[in-house]
Amino acid sequence: MTAGEKAPRITKRRARTRAELLAAAFAVFAAKGFGRVSIEEVCEAAGYSRGAFYSNFATLDELFFALYQERADLIASQVADALAQDGPALDVAASVDRVAEVLLLDVDWLLVKTDFLVHAARDPAVAETLLAHRARLREAVADRLRRAEATATPPGGVDAAARAVVAAYDGVTVQLLLDKDVDAARDWLKHLLTSLLSGSGDPERPLEGRTRTPWTRTS
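Note that the coordinates shown come from a computational prediction; the quantities given were computed from them, not determined experimentally.

A. Up close: the overall build of the chain. Secondary structure assignment for the chain yields nine helices and two strands. Secondary structure elements of the chain occur, N-terminal to C-terminal, as α-α-α-α-α-α-α-β-α-α-β. When each of the 219 residues of the chain is scored for burial, the buried share is 40%. When contacts within the chain are restricted to residue pairs at least 6 apart in sequence, long-range pairs at least 24 apart make up 67% of them. Split by element, the accessible area of the chain, about 11900 Å² in all, is 54% carbon and sulfur.

B. Here's a closer look at the packing of aromatic side chains. Taken as a whole, this structure holds nine aromatic pairs when the rule is applied. Measuring from ring centre to ring centre gives 5.8 Å for Phe53 and Phe57, while their planes differ by 50°; the resulting arrangement is tilted. Looking at Phe57, the relative accessible area reads 1%, which means it is buried. Here the aromatic cluster, defined as three or more aromatic residues joined through ring pairs, consists of Phe29, Phe34, Phe64, Phe65, Tyr68, Trp109 and Phe116.

C. The environment of Trp188, seen in detail. Tracing the chain through its elements places Trp188 in helix H9 (residues 182-198). Taking the C-alpha atoms as reference points, Trp188 and Tyr169, separated by 19 residues in sequence, lie 9.5 Å from one another.

D. Quick look at the pattern of salt bridges. Counted under the stated rule, the structure contains 11 salt bridges. For Lys32, the salt bridge is made with Glu41, and the minimal N-O distance between the two is 2.4 Å. According to the relative accessible area criterion, Lys32 is partly exposed, its value standing at 39%. For Glu139, the salt bridge identified is with Arg146, shortest N-O distance 2.8 Å. Glu139 sits in the partly exposed class, given a relative accessible area of 40%. A network of salt bridges, in which partner residues are shared, links Asp97, Glu101, Asp183, Arg186 and Lys190.

E. Representation of the layout of surface pockets within the structure. Within this model, the largest pocket holds a volume of roughly 360 Å³. Along the wall of the largest pocket there are 21 residues; nearest its centre are Lys113, Leu117, Leu130, Arg134 and Asp170. In terms of residue count, helix H6 (residues 107-121) provides more of the lining of the largest pocket than any other element does, seven residues in total. Of the residues that constitute the lining of the largest pocket, the class distribution is 15 nonpolar, three polar and three charged.

F. Looking closely at the packing of helix H5 (residues 92-103) against H9. Put simply, H5 and H9 touch, their axes get as near as 9 Å, and they point 140° apart. With respect to H9, the element H5 is oriented oblique. Crossing handedness for the pair H5 and H9: right-handed. Between H5, through Val92, Val96, Asp97, Val99, Ala100, Glu101 and Leu103, and H9, the contact on the second element is made entirely by Arg186, Leu189, Lys190, Leu193, Thr194 and Leu197.

G. Just H5, in detail. Between its first and last C-alpha atoms H5 spans 16 Å; for 12 residues at 1.5 Å apiece the expected length is 16 Å, and the two agree. Regarding H5, the residues found buried are Val92, Ala93, Ala94, Ser95, Val96, Val99, Ala100, Val102 and Leu103.

H. Structural detail: the packing of H6 against helix H8 (residues 158-179). One way to put it is that H6 packs onto H8 with a least axis distance of 10 Å and a crossing angle of 110°. The orientation of H6 with respect to H8, classified from their angle, is roughly perpendicular. Contacts from Val107, Trp109, Leu110, Leu111, Lys113 and Thr114 of H6 reach H8 at Tyr169, Asp170, Thr173, Leu176 and Leu177. Taken together, the residues that form the contact of H6 with H8 break down as seven nonpolar, two polar and two charged.

I. Broad picture of the environment of Phe65. Looking at the secondary structure, you find Phe65 in helix H4 (residues 60-83). Judged by relative accessible area, which is 27%, Phe65 ranks as partly exposed. Along the backbone, Phe65 and Phe116 are 51 residues apart, and their C-alpha atoms lie at a distance of 8.1 Å. For Phe65, the residues in contact, after removing those within four places along its chain, are Phe116 and Thr129.

Conventions used here
Residues numbered from 1 in each chain as written. Predicted model: local features only at pLDDT ≥ 70, side-chain atom pairs only at ≥ 80, totals over all residues. Heavy atoms only, no water. Helix = DSSP H or I, 4+ residues; strand = E, 2+ residues; numbered from the N terminus. Buried < 20%, exposed > 50% of the residue type's maximum accessible area, 1.4 Å probe, protein only. Contact = heavy atoms within 4.5 Å. Areas by Shrake-Rupley, 256 points an atom, 1.4 Å probe, with all protein chains shown as cover. Phe/Tyr/Trp six-rings, centres within 6.5 Å; stacked < 30°, edge-to-face > 60°. Salt bridge = Lys/Arg side-chain N within 4 Å of Asp/Glu carboxyl O. 1 Å grid on protein atoms, 1.4 Å probe; cavity = no way out; pocket = protein on both sides within 12 Å on 5 of 7 lines; lining within 4 Å. Points joined across faces, edges and corners; volume = space filled by probe spheres on them. Nonpolar A, V, L, I, M, F, W, Y, C, P; charged D, E, K, R; others polar. Axes fitted to C-alpha atoms, helices over the stretch in contact; angles between N-to-C directions. Parallel < 35°, antiparallel > 145°, perpendicular 65-115°, else oblique. Left-handed = near helix turned anticlockwise from the far one by under 90°. Expected span 1.5 Å × (residues − 1).

In structure tokens:
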């Protein structure tokens, strides 16, 4: 676009078309896998023509990229909101409950997320986007921990705790993809996050009757 030209206006109709294409693509990608989906299948699922597709996306890769970024940004925002609800002090058990609820969306999202990870592993430009999202997710966690650090410090420090939270999520979701047991995965995630953030708990078994354990107090 040259100087003086205005950016194309996004009408409500075009925004709706784009949103419906993304929603349809999500369902198709989750069912068949990114590498097995055609533009025609996405258009058919959304009820639009190829012309409608190309007025919003240049390629299927671009749509996939937009879909992942939309969902990933939403999750990062939800995690930040979930961690911001306690005020100055951090209630580990309550915060873990809220984070676990927003992180474990559904198996379909995890299938799409895994496809994107495989895609990113073969494309450095896509990998940069995935790494940027993971960094935003870690920062959302770390920012909340820093605000509570005046009264308590997580074992290993804030940055290490934030990385551990994301790693725990990654590990639990691998099992979820295999056994499809969402309730068990959520229980394990809550237990792991409580153990990581409080420095207590037995990592060999899910936590029963979890107590509200504070971080290690600073001297």
